[in-house]
Amino acid sequence: MERILVTGGAGFIGSHFVKRLVQSPSISRVTVLDALTYAGNRNNLRTVLSSPKLTFTHGDILDRGLVDSLMAEHDAVVHFAAESHVDRSLADASGFVRTNVLGTQTLLDSARRIGIRKFVHASTDEVYGSLPSGTALECDPLRPTVPYSASKASSDMMALAYFHSYGVPVCITRSSNNYGPNQYPEKLIPLFVNRLLAGEQVTIHGNGEHVRNWLHVEDNGQGVDLVLRKGIPGEIYNLGGGTDLTTNELTALLLKETGTTWGQVDYVPDRAANDIRYSIDWTKAAQLGYRPQQPLDQGLARTVDWYRRNPSWWDASARSAGA
Ligand code: NAD
């Protein structure tokens, strides 16, 4: 797999993955296809944009002609492009169906026509829905509860259907909540850090006892890379192994790292749909060699430090979104 097409490579997770690929001696070419929506930012790729290995294409995954021409020049696709924010999906689900379902199907169709050698589809643990106890296995039923997770579950089903119906060599990764530098400041960790550092209030929905598993974005990249190289077509791989924390526990760590206090935290009524707990079993990915490396305390400290040192990235990112 020497030539890799990465969709959504200007977003949070995609840009970290592109940087990883560009540094890999076994990769000769990386092409990013990204529509640069509010969540995409070429600056996320600043350190590698001048690499002779990297080509950036500004375009939409629903542009069939463009997708065909790019796909024909690559050995594999890693598909990150998506609408990814739950709150936005609750406000209007249509963009989520368009990009996450129809966009994925457009890519799969092209992969089928071109005969791509590997198609890695990046999905989420949120497709399993809320688990009162236990951990979700890849074979467990999908119980999405919000339009975002429903659109991702739909795209997972479509990807598997293209494997079974047409033999498209699809692998799916389902990762837990990622954190790290370059995350658009609407997501919990960058939102809280940004506001706390600015002396502003942050809000916790409900009682703050919702549990999420926090995985460093570079650990997710390690898992996606392994699935790209060694994953068995037609298989799904959960990528967890970060740290389970309630929102209250996470907030306490962020207050400590930013040197702020609970006085900056307000509690507001919970959303109508807010899954109580996600948890995934990642034994299958471990069998490929997947081992998360970043302890949460260190990863979080470095992440907060990155946002503290990069306020202009925040501003540019928020301005481009009209936020
Ligand atoms: P993100 O919102 O930061 O980035 C998405 C990228 O996709 C942006 O660069 C955007 O410009 C691009 N994009 C959107 N629509 C497009 C289109 N029609 N054509 C081309 N490009 C388009 O998202 P992220 O947090 O980096 O997530 C990447 C993937 O990983 C998503 O599929 C998401 O569902 C999944 N995921 C994310 C997390 C997480 O914690 N962030 C966890 C599990 C899974």
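Everything numeric in this text was worked out from a predicted model, so none of it was measured.

### Looking at the overall build of the chain
Here is step 1: On a plain count of helices and strands, the chain comes out with eleven helices and twelve strands.
Here is step 2: Relative to the compact-globule value of 20 Å for 323 residues, the chain shows a C-alpha radius of gyration of 19 Å, a close match.
Here is step 3: On the principal axes, the C-alpha backbone points of the chain span a range of 55 × 45 × 40 Å.
Here is step 4: Within the span of the chain, comprising 323 residues, buried residues form 55% of the whole.
Here is step 5: Once local pairs closer than 6 in sequence are excluded, the contacts in the chain between residues at least 24 apart make up 83%.
Here is step 6: Total accessible area on the chain stands at roughly 13200 Å², and carbon and sulfur atoms take up 52% of it.
Here is step 7: Mean positive and mean negative side-chain charge positions of the chain (31 and 33 charges, respectively) differ by 6 Å.

### Looking at the domain arrangement of the chain
Here is step 1: Each assigned domain of the chain is listed with its residue range as follows: domain 1 (2-176 + 217-239) and domain 2 (179-212 + 243-277 + 294-319).
Here is step 2: The C-alpha-based centres of domain 1 and domain 2 are spaced at 25 Å.
Here is step 3: Tallying the contact residues gives 24 residues for domain 1 and 16 residues for domain 2.
Here is step 4: A combined buried area of about 1700 Å² lies between domain 1 and domain 2, and 38% of that area is made up of carbon and sulfur atoms.
Here is step 5: Here domain 1 and domain 2 share two salt bridges between them.
Here is step 6: Here aspartate 87 and arginine 271 are joined by a salt bridge, their closest N and O atoms 2.9 Å apart.
Here is step 7: For the side of domain 1 that touches domain 2, the secondary structure elements donating two or more residues are α1 (12-23), α3 (86-91) and α7 (217-230).

### Some thoughts on the nonpolar core
Burial of nonpolar side chains together is a common tendency in soluble globular proteins.
Here is step 1: Counting residues in hydrophobic clusters, the biggest one holds 30 residues, and the most contacted among them are Ile4, Val18, Leu21, Val30, Val78 and Leu228.
Here is step 2: Those elements that provide at least two residues to this core are β1 (3-7), α1, β2 (29-34), β3 (54-58), β4 (76-79), β5 (118-124), α7 and β10 (236-239).
Here is step 3: Once residues within four sequence positions are removed from consideration, valine 78 is found in contact with Ile4, Leu5, Val6, Thr7, Phe17, Val120, Val224 and Leu228.
Here is step 4: Counting 26 residues, the second largest nonpolar core, distinct from the first, contains Leu33, Phe119, Ala153 and Leu160.

### So, the sheet that holds β10
Here is step 1: Strands sit in the order β3-β2-β1-β4-β5-β6-β10 across an open sheet of seven strands; the sheet is parallel. A single partner strand is all that each edge strand has here, and the edge strands are β3 and β10. Adjacent strand axes in the sheet meet at a mean angle of 20 degrees, parallel and antiparallel pairs treated alike.
Here is step 2: Set on the sheet, helix α4 (residues 94-114) makes contact with β1, β4, β5 and β6 (170-175); between it and β5 the angle comes to about 165 degrees.

Reading the values: the criteria
- Residues numbered from 1 in each chain as written.
- Predicted model: local features only at pLDDT ≥ 70, side-chain atom pairs only at ≥ 80, totals over all residues.
- Heavy atoms only, no water.
- Helix = DSSP H or I, 4+ residues; strand = E, 2+ residues; numbered from the N terminus.
- Rg over C-alpha atoms; globule rule 2.2 N^0.38 Å.
- Buried < 20%, exposed > 50% of the residue type's maximum accessible area, 1.4 Å probe, protein only.
- Contact = heavy atoms within 4.5 Å.
- Areas by Shrake-Rupley, 256 points an atom, 1.4 Å probe, with all protein chains shown as cover.
- Lys, Arg positive; Asp, Glu negative; His and termini not counted.
- Charge placed at Lys NZ, Arg CZ, Asp CG, Glu CD.
- Domains from an automatic or database assignment.
- Buried area = accessible area lost by both parts, 1.4 Å probe.
- Salt bridge = Lys/Arg side-chain N within 4 Å of Asp/Glu carboxyl O.
- Core = buried A, V, L, I, M, F, W, Y, C linked by side-chain atoms within 4.5 Å.
- Pairing = 2+ DSSP bridges.
- Axes fitted to C-alpha atoms, helices over the stretch in contact; angles between N-to-C directions.

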